[in-house]
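Next come the chains, spelled out residue by residue.
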Amino acid sequence: MRLEITGIMKFGLLASTLLVSTDLLIGWYLRQKNRSPRLNEVFFVMSNALSCCPHTAKEDAIKKCPNPHCKAKLSRKIIEHIDSAKHLICIAMYMFTMIHISDAVMNAKRRGVNIRIISDSSMIASSNSQINRFQKSGINVRIAGDGDLYMHNKFCLIDVLSGEKSKENTHPLNGVLINGSMNWTANGFDRNWENILFTSDEHLKSEYKQAFDYIWSRIE
Ligand SMILES: [Zn+2]
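In this text the structure is predicted, and so the values were computed from the model without any measurement.

Engineer: So what exactly am I meant to see when it comes to the overall build of the chain here?
Structural biologist: Across its full length, the chain carries eight helices and seven strands. Across the 220 residues of the chain, 28% fall into the buried class.

Okay, here's the thing in structure tokens:
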């Protein structure tokens, strides 16, 4: 009799362990299934970028370029992310002179994407600055003024939405953060050692969005 009870207890223990394990496994599977695809990619501009493809190179040629630090690949990548925007683009950029990226921003405006740009007063006087072009086209631009801190950030948020709006986000990655050392200038792409990060990390996107909104409100 004692042997039978012990056997039943062992069977019960095994069955409940199996049930708990299956439950945990199903929970993990559902969490993975519902999770947005992730993006975490870092790009370094190295000295060999100088002799690599020009930004005007054809898309196929850029794709075939074997140099992982190809500057044209980087500018294409930024443009592709801007092209993917459906709702909102927030750009905080100390210097912005890259015409190819500026064209992508203008195209996004034509698609009806809401655009906010923050820059710095010390840099907009440059004849190559794209900030004047944005202002003339009616894009929302705010400039950190004299006597304030330099607005030295170089980041961009693609479809990072907060509050109620986030429920209607149709961006495939639920938004992207682009951040790094590089101004969007010819020098940034062609002359400097730089780094730039592309991420869909929810925590980082939220932190940068809050910072953007704070700067935006401070320089109104
Ligand atoms: Zn190249």
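Engineer: What is the right way to look at the packing of helix 3 (residues 71-83) against helix 4 (residues 99-110) in this model?
Structural biologist: For any two helices packed against each other, one specifies the crossing angle of their axes together with the interaxial distance. Where helix 3 meets helix 4, the closest approach of the two axes is 9 Å, and the angle between their N-to-C directions is 5°. Comparing the axis directions of helix 3 and helix 4 gives the class roughly parallel. Side by side, helix 3 and helix 4 meet where Ser75, Ile78, Ile79, Ile82 and Asp83 of the first sit next to His100, Ile101, Ala104, Val105 and Ala108 of the second. Tallied by class, residues from the contact of helix 3 with helix 4 come to seven nonpolar, two polar and one charged.

Engineer: I would appreciate a short explanation of the environment of methionine 123 in the present structure.
Structural biologist: You can see methionine 123 is positioned in helix 5 (residues 121-124). A residue is classified by how many C-beta atoms lie within 10 Å of it, and methionine 123, with 22 of them, is buried. It is 9.8 Å that separates the C-alpha atoms of methionine 123 and threonine 97, two residues lying 26 residues apart in sequence. Apart from residues no more than four positions distant in its own chain, methionine 123 is found in contact with Tyr94, Met95 and Ser129.

Engineer: Help me out: how do you make sense of helix 8 (residues 202-218) in this one?
Structural biologist: A turn of α-helix holds 3.6 residues, and therefore any two residues three or four places apart point the same way. The end-to-end C-alpha distance of helix 8 is 24 Å, a good match for the 24 Å that 17 residues give at a rise of 1.5 Å each. The inward-facing, buried residues of helix 8 contact strand 2 (88-93), strand 5 (154-158) and strand 6 (176-180).

Engineer: Quick question: what am I supposed to make of helix 3 here?
Structural biologist: Its 13 residues give helix 3 an end-to-end C-alpha distance of 18 Å, which sits within 8% of 18 Å, the value for a rise of 1.5 Å per residue. Of the positions making up helix 3, those classed as buried are Lys71, Ala72, Leu74, Ser75, Ile78, His81 and Ile82.

Engineer: In this structure, what is going on with the nonpolar core? I would like to understand it.
Structural biologist: A general trend in soluble globular proteins is that nonpolar side chains are found buried together. Ile82, Ile89, Leu157 and Ile158 are the most contacted members of the largest nonpolar core, which totals 44 residues. Ranked by the residues each element gives to this core, the list is headed by strand 2, at six residues. Ignoring sequence-local partners within four residues, the contact set of isoleucine 158 consists of His81, Ile82, Ser84, Ala85, Ile89, His171, Gly175 and Val176.

Calculation notes
Residues numbered from 1 in each chain as written. Predicted model: local features only at pLDDT ≥ 70, side-chain atom pairs only at ≥ 80, totals over all residues. Helix = DSSP H or I, 4+ residues; strand = E, 2+ residues; numbered from the N terminus. Buried ≥ 20, exposed ≤ 12 C-beta atoms within 10 Å, placed from the backbone. Axes fitted to C-alpha atoms, helices over the stretch in contact; angles between N-to-C directions. Parallel < 35°, antiparallel > 145°, perpendicular 65-115°, else oblique. Contact = placed C-beta atoms within 7 Å. Nonpolar A, V, L, I, M, F, W, Y, C, P; charged D, E, K, R; others polar. Expected span 1.5 Å × (residues − 1). Core = buried A, V, L, I, M, F, W, Y, C linked by C-beta atoms within 7 Å.

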